[in-house]
Each structure stands twice: as structure tokens, then as C-alpha cells.
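Residue-level structure breakdown
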Amino acid sequence: MVLVLMMITGCGSSTSDNGGDNTDSDTEETTTEASNDSGQEEDSLDDGSGTSGGAHNYLIQTKMRTDNADDEQYTTLYSGSYDLIYMTDEDKTQYPDLWKSLETYNESTESGFLNTYEQYLDEAKDWYKESGPDDYFSAYSDENHIFISRTDDSFLSFEANLFSYAGGAHGSYSRIGYNYDVKTGQKLALKDVITDITRLQEIVITKLKSDYPDAQLTSTYEQAVPQYLTGEEDQECTWYMTPQGIDIYFGVYLIGSYADGAQIAHILYNDNPELFYEGFHVQQGDYVENFDAYGNYYTDINEDGKPDELSFEFEYDQNYSIEKMGISINGNKTTFETYGYNVYPILVHKGGNTYMYAGFSLDNDYYTTYAYRLAEDGVTQIAQYSGRITGMIPDEDYESEWQTTWSKVFATPEDMYLSDRMQLLSTYQGLAKLRIGDEGKLMIVDDFYYAQLYAGSGKLTALKDVKAATLDPDTRQILSENEVIPKGKQLVIYGTNNKNYVDLKDDEGQMFRVTLDSSDWPQTVGGENIEELFDGMLFAG
């Protein structure tokens, strides 16, 4: 499988071209800065000398479906999706025991989810059938999604985040941690990591008191914590690793009310070194962290071995858009103007620096990304880019009963891709491979976006002979300039430089490059209106 990563549509469609192409002396790939609204000059890439920490390439398969009633409103009865985790063929060969453990996880997860699906769908159908036109009805829902919390040469740790609604006043959510030794495939229990479970229980109780002073915790939670936190694999609270330590997660109702939600105790390696067996320590080298901006997070910003607390405050306008974001490091807050409804941040540790890329959702499925450099003395905004960093791979299957998408887990800065909305010959996602350049700027490799078409977008059909160049399908190098796409030929969009050309591919694998003028509407090829040249184009706002 070719690993080309995809993200949800981004704001805008232009790519910066100030200063020409730059070449990284290490990779010998042409790079330009991603579409940048900050007005900063484009830089060439650094030498990429940071180490990766040995992170592996994990793939997440998401399966989803929606079932609707056979009525005029096509009422939704059920919606559900679940994730499975896979390894690349190379890693399966190198770590067969880990792959066996992940296969066991996948089989158990899929079997359990499908059994619940049958039950939920039957119950939803019965409820809907018994409901009158004025009665309340809400579709059943079931979600099980993987969030990787740590991956390196030694450990794989992830959370299975669960949500379900099966009638009643509200849904229910929970989280289950899975922790594996990469080399042996062993599923780790907390007692395999912690030297003194009793001491851990005491530290957790102290942290819950300090971190949740206003929560309506049960009066007996101090006595309950040792019962739930036993260190055994079947303990009632869950846990998972992070680059800085472990998180102990107490689910809803376990020690508090539904309104209080879940409670998390962050246990950091460097704050409690005596608690951990040898081999469990802060993650080293260059790596990427996914995290939730709506809670406190701990990371080592300047690689001094000390955890730093990262937190956010948001100010909203009358339309519930985030107009200001306060970023605090160890209580030192810097506030920036932003725009968007939800924020999806990632941290990148590279070459001793820490950068944050915060993707904000906008109207109509657009995104914009703000880039920041984090330091103990404050936060500096680097640039603003259209689009969002993500991990989805363009191999969707929308035709099966369970639609399928694939995504690649971000492990190192070299895994990063950016998606932006393209508008040449149609509207589609453009997927550009990235490098982290000087000062954390996002640099697009080869000045090229691979196309990710929407479901049902179909093929383009040439309405007449169209001027084009032919390409080598392996290298995309031009073979011949003065060729034509013959009338009647069907093609799919393969990619674009998002400026003045689109590469097309036919069913036999032959590739063509069409040069366009998109400075005005309609777009033209050799002075001819594209609507007179191609059928099947779809444009969205």
C-alpha cells in the first residue's frame, strides 16, 4: 500500500510561490512553503538531523455505517463506526508477537461491535415503529475510536474511546487503555510498570484532591481508589502511557457523578522516578504528540527532562467561534487572535524545539492551521496556513455496507501531510507531503498535491481532443509536450501543483498533464473554456 496521507478539506486553494523552489540538501526534494497567510518569507529545510525515537508505522482502519428507515424522511435509525489497528508488512515481520496481540485486539473489537450493532439496530427499529408522529425518537449510536498516546521502539500505547446512545436521557462514554511491549507483544498490566502500587494509590488520591477540588466526588472515593487501582490487568480503572508518563483514568460514575465526567491522574516519570521500573522513561528524540486542547497536558518543551504544563483558554464570539486562544506554559499565558469552531492540535518535537500546529474547523468543512513555537519563556506565532494536518490515507471504500477509510498514525515529523481544498478542474482534497522547515514552517515537498476525490465524484470525460503533455506514470516526468487527450477518454484527477496544471490518469494507467489558466472564471485550457472540454467536473463552494 502506498502511504499517502489525507486530511479534511482546508480553507483556500492557493500555494505560496514567493521566492521559487528550495531544495533540501539531505532529501534532494523540491520544497515550497505551504499556503501561508502570515506574509513571512519561505525558507529551505533544515538537515533533518534529529532522531526519530524508533517510532513505527501503524495504520488505523475505520469502518462506519448508517441505517435509515424506509420512510419519506429517510429517518436515521442507527449510526456507528469503529477502529482497528494494523502494522505495515515490514513491522509485522520484525515484530510478529506484537502483531499477534493486535490481531487479537482487532478480532475481539470487531466481533463485539458487530454483535452490538445487530442488537442496537433491532431496538432502534422497534422504538421507531412504536413511536407516533409527535413522539420523541433519537437514532441509536455506537462509536469506538483509537487514539495513539505513545509509540516508539519500546512501547505502543493507545486509548479506545467509546460512546454509545441506546435511548434514555443521554449517551454514555468511556475509555480503555491498551499498552504493549513492542518487542515481546506482551499486553502490559500496571504492575509490570509500577514498582509500588500502594505508593501509586497514595499519589493518585493526592492528585485527585488537588486537580478536582470542585468535583462532586463520592464521599468514599479515597477508600475506593485502592479497590479500583490494583495494578492487575482486570482492574476497574484504566491507564495508558504518554511521552511524559502514564495517565490513570477513572470513568464516569466510578468515583464521581455523570456531571463531573471522568477523572484523570497524570503520573509523570520525572516527578516520580522511583515508581517506575527500569526502561520506563520520557520519550526521546523527534516525535509527534496528539492531545486534547480542552484539558491540561504535560510535555517536555525544551527537552530539559522536566515536564511543562500546557493549557488553553478560549474566547468565543456571538456565533460560538473561537476568536481568541490563550496558550499557557506553566501558567505563563500568551493570547492570540484565531478564527474557527473547534481546535485540533498536535505537538512536534524536532531538533530540540517544540512546535504546535492547531487546526481550526471553519464553515463548510474548511480548515485553517495556526503554527506556533513553544518555549518556557512564551509562545510565538510562526504562520497561518490553509488546511489541516491529518493522517487519512486515500483508499476509501464507500460502496460496502461498512464504509472504510484508512489513516496513518503520526509518529515522527517525517510522517506529516497537509490537505487543502483544490479547485482546478473540480473540487477535491489535495494531499501534500510536508517537511518541518526553519522556525517550524510547513514546507511542501515537490510542490505537488495528490488528489483525494469525494465519494461519487466519478470520472471526467473529454468532450473533444484536449491539449496535454504525456507523463511517465512512475515519475510524473514529461515524456512529450505536444499531445492530446482524445475525445471520449475517461480520466480521474491524480494531482496538481495547485497553480497551473492538473495531472490526469486513465483506466490503463496512462497519465496526462493539462495546463490551465485559473486567474479568472471559467478556467481555460489553451484559451478554451474547461466546460467545453470536460464532462463530469464537480465544483463546491
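Everything in this summary refers to the structure shown in the same document. What you see is a predicted model, and the numbers here were worked out from it, not measured in a lab. (Residues numbered from 1 in each chain as written. Predicted model: local features only at pLDDT ≥ 70, side-chain atom pairs only at ≥ 80, totals over all residues. Heavy atoms only, no water.)

Comments concerning the side chain of Asp-506
Relative to the helices and strands, Asp-506 resides in strand S31 (residues 501-506). A polar side-chain atom of Asp-506 sits 3.1 Å from a polar atom in the side chain of Lys-489. Excluding residues that lie within four positions of it along the chain, Asp-506 makes contacts with Lys-489, Gln-490, Leu-491 and Phe-512. (Helix = DSSP H or I, 4+ residues; strand = E, 2+ residues; numbered from the N terminus. Polar contact = N/O pair within 3.5 Å; in protein donor to acceptor, adjacent residues only side chain to side chain. Contact = heavy atoms within 4.5 Å.)

Considering the sheet that holds strand S8 (residues 238-242)
Taken in spatial order, the three strands line up as S8-S9-S10 in an open sheet, and their pairing is antiparallel. Taken across any chain shown, the strands that pair with only one partner, and hence form the sheet edges, are S8 and strand S10 (263-268). Direction aside, neighbouring strands of the sheet carry axes that sit 20° apart on average. Sheet topology places strand S9 (residues 245-250) next to S10; six bridges connect them, and they run antiparallel. Paired with Phe-250 across the strands is Gln-263, a residue of S10. Against the sheet, helix H3 (residues 197-211) engages S9 and S10, with an angle of about 125° to S10. (Pairing = 2+ DSSP bridges. Axes fitted to C-alpha atoms, helices over the stretch in contact; angles between N-to-C directions.)

Quick word on the sheet that holds strand S11 (residues 287-290)
The pairing of strands in a sheet comes from backbone hydrogen bonds and takes either a parallel or an antiparallel form. An order of S11-S16-S17-S18-S19 is seen for the five strands of this open sheet, with the pairing classed as antiparallel. Strands with a single pairing partner mark the edges of an open sheet, and in this sheet they are S11 and strand S19 (378-386). Within this sheet the neighbouring strands show an average axis-to-axis angle of 20°, counted without direction. As paired strands, S11 and strand S16 (residues 343-350) are joined by four bridges and run antiparallel to one another. Residue pairing across strands places Asn-290 opposite Ile-346, the latter belonging to S16.

Looking at unusual backbone geometry
At the junction of Trp-521 and Pro-522, the peptide bond is cis and its omega measures out at 0° in the coordinates. Position of Pro-522 among the secondary structure elements: in the loop between strand S32 (511-515) and strand S33 (524-525). The phi torsion at Glu-439 lies on the positive side, around 60°, for a residue other than glycine. Counting through the fold element by element, Glu-439 comes out in the loop between strand S24 (428-436) and strand S25 (442-445). Positive phi values are uncommon outside glycine, yet Asp-447 reaches one of about 50°. Following the sequence through the fold, Asp-447 ends up in the loop between S25 and strand S26 (449-452).

So, the environment of Ser-174
Considering the arrangement of structural elements, one finds Ser-174 in strand S7 (residues 172-181). Measuring from C-alpha to C-alpha, the distance between Ser-174 and Phe-163 comes to 6.6 Å, with eleven residues separating the pair along the chain. When near neighbours in sequence (up to four residues on either side) are disregarded, Ser-174 contacts Ala-160, Asn-161, Leu-162 and Tyr-249.

Let's talk about the pattern of salt bridges
In total, this model carries 17 salt bridges according to the counting rule given. Glu-232 is the salt-bridge partner of Lys-191, the closest N and O atoms lying 3.0 Å from each other. Here Glu-232 lies in the loop between helix H4 (221-228) and S8 and Lys-191 lies in the loop between S7 and H3, a separation of 41 residues in the sequence. Look at Lys-191 and you get partly exposed, because its relative accessible area is 40%. Of the charged contacts in the structure, one is a salt bridge between Lys-333 and Glu-313, with a shortest N-O distance of 3.0 Å. Of the two residues, Lys-333 sits in strand S15 (residues 332-337) while Glu-313 sits in strand S13 (residues 308-316), which places them 20 residues apart along the sequence. Its relative accessible area of 41% is what places Lys-333 among the partly exposed residues. Take Glu-313: its relative accessible area is 45%, and that puts it in the partly exposed class. (Salt bridge = Lys/Arg side-chain N within 4 Å of Asp/Glu carboxyl O. Buried < 20%, exposed > 50% of the residue type's maximum accessible area, 1.4 Å probe, protein only.)

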